[in-house]
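Topology and contacts: notes
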Amino acid sequence: MDKKTLFDQIDKQYSDSSKEFIKTAYFFAEKAHDKQLRASGEPYIIHPTEVASILVSLKMDPDTIAAALLHDVLEDTPTTREEIIEKFGENVLNLVESVTKLDSINFQNKKDNEAQSLKKMLFAMAKDIRVLMIKLADRLHNMRSLASLSEERRIAISQETLDIYAPLAGRLGISNIKCELEDLSMMYIMPEKYNELLKLSQKATFERKGFIDEVVGRIKEKLDELGIKGEINGRKKHIYSIYRKMLRHNCTFDEIYDLIAVRIIVETKQDCYSMLGAVHTMWKPMPGRFKDYIATPKPNFYQSLHTTVFSKGGAPFEIQIRTYDMHNIAEYGIAAHWKYKEGIIKTDKFQEKLAWLREMLDVQKDVNDSDEFMDHLKIDLFTDEVFVFTPGGDIIDLPMGATPIDFAYSIHSAVGNKCVGAKVNSKIAPLNTVLNTGDMVEIITSNASKGPSRDWLKTVKTSSAKAKIRSFFKKEMQEDNIKRGKEIIEHEAKRRGYELSELYQKNWIDAVLEKYSLSSIEDMYASVGYGGITVNQVLAKLIDAYKKNIKNKTEFINGETKRREPVNNVLVKGYDNFLIRMGRCCNPLPNDEIIGYISRGRGVAIHRKDCPNIKKIEQERLIEANWSGVNNTAFVASLKVIAEYRTGVFSQITSIISNCNFPLVSANMKADREKLMTVINVSVEIRSAEDLTALIQKIESAPYVREIHRTVNG
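These numbers come from a predicted model, not from an experiment.

1. Observations concerning the pattern of salt bridges
This model, assessed by the stated rule, comprises 13 salt bridges. For Arg130, the salt bridge is made with Asp61, and the minimal N-O distance between the two is 2.9 Å. Within this pair, whereas Arg130 is found in helix 9 (residues 130-144), its partner Asp61 is found in the loop between helix 3 (46-57) and helix 4 (62-70), the two being separated by 69 residues in sequence. In this structure Arg130 comes out as buried when scored by relative accessible area, which is 7%. Between Arg139 and Glu160 there is a salt bridge; the shortest N-O distance is 2.8 Å. Separated by 21 residues along the polypeptide, Arg139 in helix 9 and Glu160 in helix 10 (residues 151-171) bring together distant segments of the chain.

Laid out in structure tokens, this is it:
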């Protein structure tokens with residue numbers, strides 16, 4: 001993309017005054033970025049030019065295009081705020097600053113950085129959606145030019161794009177950007193799978209071209225016959241969508257029916273249904289594959305009729321039918337509501353389109369924990385929806401897995417708080433019933449209800465319902481929450497082997513209060529009591545501080561430094577006089593990487609760091625451990641040998657062990673004649689990891705042995 005191409009785009013679309021305004025912004029950016037280069041070695045001005053071009057294609061207003069051209073000048077050049085206001089006005093400055101601020105936040109760790117940056121972006125876009133439009137265009141061009149970065153950076157940026165930016169584009173209905181972001185991300189994250197599906201898609205498209213041309217021809221004839229004005233075109237499913245569908249339905253590439261769809265675009269809603277009837281007379285419809293998104297639009301206002309029909313040869317294919325207005329919204333999403341010449345909203349549905357965002361942010365404004373914020377966000381933004389009905393026929397969209405309690409709180413907080421039962425499709429149903437699209441839900445309320453149950457927090461799916469339940473407990477039961485929270489923390493601390501007196505150091509408590517924006521220890525108790533934060537979030541930070549404090553202390557006995565002696569040739573760092581035993585599940589050997597687990601009343605169990613059981617136990621009880629000195633103790637190592645099905649292979653393996661002078665503790669064999677394979681399990685006394693490595697190499701080199709690896713005993 002060069003200056004001339006961008007200017008040609010602008011000349012075709014904007015008024016004379018707007019053209020001049022945008023071109024002035026271009027020359028300003030070109031001068032500001034003079035001599036700056038991108039990672040690819042190209043002049044930097046190419047990037048803002050491409051970002052602006054993407055937004056021009058979305059028909060955004062002149063201020064947005066100017067801000068796109070200038071979006072990096074405050075951060076990367078000596079340009080001042082005053083210069084931008086003077087030449088382009090405060091509106092453009094606000095857009096540029098909002099985009100700049102999203103990339104200029106520093107946090108303590110990557111997780112907090114990701115969550116807080118995203119939170120800031122969502123609040124910025126709630127104020128002015130054009131901030132996100134610029135950000136999406138910026139990310140799209142960065143993805144298009146990702147090849148110049150290292151593989152590690154490419155994968156990291158692609159994963160972030162797939163997790164955050166592509167779903168945001170989808171939630172705003174901008175399908176062309178969403179699809180391209182997904183495909184580009186997959187190309188870098190899963191290159192082999194992407195290329196495999198790309199080749200299959202291209203082959204299928206080529207093979208079905210004649211068939212699709214025939215279908216398009218027949219539909220054109222039907223349009224003429226019915227006197228309906230419209231157009232027909234083909235739509236090829238994008239690669240990541242194919243991949244997701246294969247995973248979701250556990251099917252092969254050949255089983256995807258809508259790989260290539262025929263799209264019919266007509267003038268009126270009535271024409272849509274007329275053509276649907278005509279299509280079903282021309283081809284037999286597939287049962288259960290009809291979706292009416294006109295009567296029930298998606299949350300991003302997507303509307304279309306989808307039907308899958310059988311060709312004469314029995315091959316299924318999809319047909320989509322929509323109006324020109326529906327098609328415009330399907331392609332451009334929220335941008336379709338922007339009246340670019342005036343920079344104003346063309347329809348009041350624009351504000352309705354952002355209602356989900358404002359509600360989500362209102363619910364999550366008090367969520368300070370990064371994990372919780374990201375979990376809520378993934379539910380609110382990225383989970384598939386179900387559409388259910390009120391008794392009055394209104395449509396309520398909820399995330400997949402939602403329950404009648406979610407439904408109740410989506411109606412109103414008071415309905416949720418007084419909920420005592422529910423009817424689903426006119427039948428009494430448990431409150432934890434998972435709702436499906438098409439269900440009619442009626443909530444039974446009672447003024448005698450004392451409010452929601454705490455167990456509902458484990459049941460509900462929507463962050464809105466969780467927040468409203470917690471708000472009830474927070475406001476209505478403050479004293480009970482403080483008492484309950486203190487009891488929960490005391491009980492859990494004792495269960496983990498700690499007294500609160502050990503953990504309640506002022507600076508440690510202050511760190512917890514600061515992290516979760518609490519003003520006092522009573523607030524901390526109350527927050528744990530009503531579920532605002534978890535007991536693990538409090539204790540994990542306190543126990544971590546306690547361990548660091550113990551680790552940094554030098555212990556003295558009778559004025560001398562206490563000497564720690566290794567037990568069983570294992571030294572547990574920072575502690576002394578522990579009973580030490582080897583974990584039977586993994587039988588660690590000298591030079592294996594090991595870790596200790598502080599058990600209750602049985603000392604420290606030593607495990608290999610790769611022991612599967614380590615992942616299942618309380619992580620706060622793990623403690624650093626190392627081998628010390630030369631180990632003369634015999635250990636039992638277990639090996640699994642997979643060999644070809646041959647006579648004498650078992651004796652061959654046991655002979656190798658005997659010749660190496662290693663005592664054989666146990667041995668067994670299982671033969672599979674059908675697979676022509678023998679599995680031999682042996683346990684051997686070993687004195688060092690080096691001896692074990694030498695033995696494995698000898699067995700591995702024996703004839704008929706396919707593979708050998710060390711195993712654990714459960």
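2. A short note on the packing of helix 12 (residues 191-226) against helix 13 (residues 239-249)
Across the interface, helix 12 lies against helix 13 with an axial gap of 10 Å and an inter-helix angle of 100°. Considering the angle they form, helix 12 stands roughly perpendicular to helix 13. Across from Lys193, Tyr194, Leu197, Leu198 and Ser201 in helix 12, the residues of helix 13 making contact are Ile239, Ile242, Tyr243 and Met246. For the contact of helix 12 with helix 13, a count of residues per class yields seven nonpolar, one polar and one charged.

3. A short note on helix 28 (residues 649-659)
The set of residues buried in helix 28 consists of Val649, Ile653, Thr654, Ile656 and Ile657. All buried residues of helix 28 project into a common sector of 150° when viewed along the axis, lining one side. Against the buried residues of helix 28 lie strand 21 (635-644), strand 22 (664-672), strand 23 (677-686), helix 29 (689-700) and strand 24 (705-711).

4. Section: the sheet that holds strand 24
Read across the open sheet, the four strands follow the order 22-23-21-24; overall the sheet is antiparallel. Each edge of the open sheet is held by one strand with a lone partner, namely strand 22 and strand 24. When strand polarity is set aside, the average angle formed by the axes of neighbouring strands in this sheet is 15°. Of the strand pairs in this sheet, strand 22 and strand 23 are connected by eight bridges, and their pairing is antiparallel.

5. Brief notes about a positive patch on the surface
Together, Arg244, Arg248, Lys291 and Lys298 make up a positively charged patch on the protein surface. Within the secondary structure, Lys298 is located in the loop between strand 4 (291-292) and strand 5 (305-310). Given the relative accessible area of 32%, Lys298 is considered partly exposed.

About the thresholds
For every chain, the first residue of the written sequence is number 1, and numbering continues from 1 along that sequence. Residues qualify for local features only when their pLDDT is at least 70, as the model is predicted, and side-chain atom pairs are given and counted only at 80 or more; totals for whole chains, interfaces and linings, by contrast, use all residues. To get the side-chain values, take all heavy atoms of the structure and skip hydrogens and water. By convention in these notes, a salt bridge is any Lys or Arg side-chain nitrogen within 4 Å of a carboxyl oxygen on Asp or Glu. Put simply, DSSP H or I for four residues or longer makes a helix, DSSP E for two residues or longer makes a strand, and each gets a number counted from the N terminus. Only protein chains enter the calculation, and the probe is 1.4 Å; a residue is then buried if its accessible area is under 20% of its type maximum, exposed if over 50%, and partly exposed in between. Simply put, an axis is a line fit to the C-alpha atoms, just over the touching stretch for a helix, and the angle between two N-to-C directions goes from 0 to 180 degrees. Oblique is the label for any angle not covered by the other classes, which are roughly parallel (under 35 degrees), roughly antiparallel (over 145) and roughly perpendicular (65 to 115). In what follows, residue pairs with any heavy atoms lying within 4.5 Å of each other are defined as contacts. Each residue gets one of three labels, nonpolar for Ala, Val, Leu, Ile, Met, Phe, Trp, Tyr, Cys and Pro, charged for Asp, Glu, Lys and Arg, and polar for the others, Gly among them. Here, the arc refers to the directions that run from the helix axis to the C-beta atoms. The criterion for strand pairing is that DSSP finds at least two bridges linking the strands in question. Residues forming no salt bridge and having over 30% relative accessible area are the ones grouped into patches, like charges within 9 Å of each other and nonpolar side chains (Val, Leu, Ile, Met, Phe, Trp, Tyr) within 5 Å. Exposure was quantified through the Shrake-Rupley algorithm and a 1.4 Å probe, taking into account, for residues, occlusion by the shown protein chains and nothing else. Neither His nor the chain termini are counted; the positive set is Lys and Arg, and the negative set is Asp and Glu. One atom stands in for each charge, and that atom is NZ of Lys, CZ of Arg, CG of Asp or CD of Glu.

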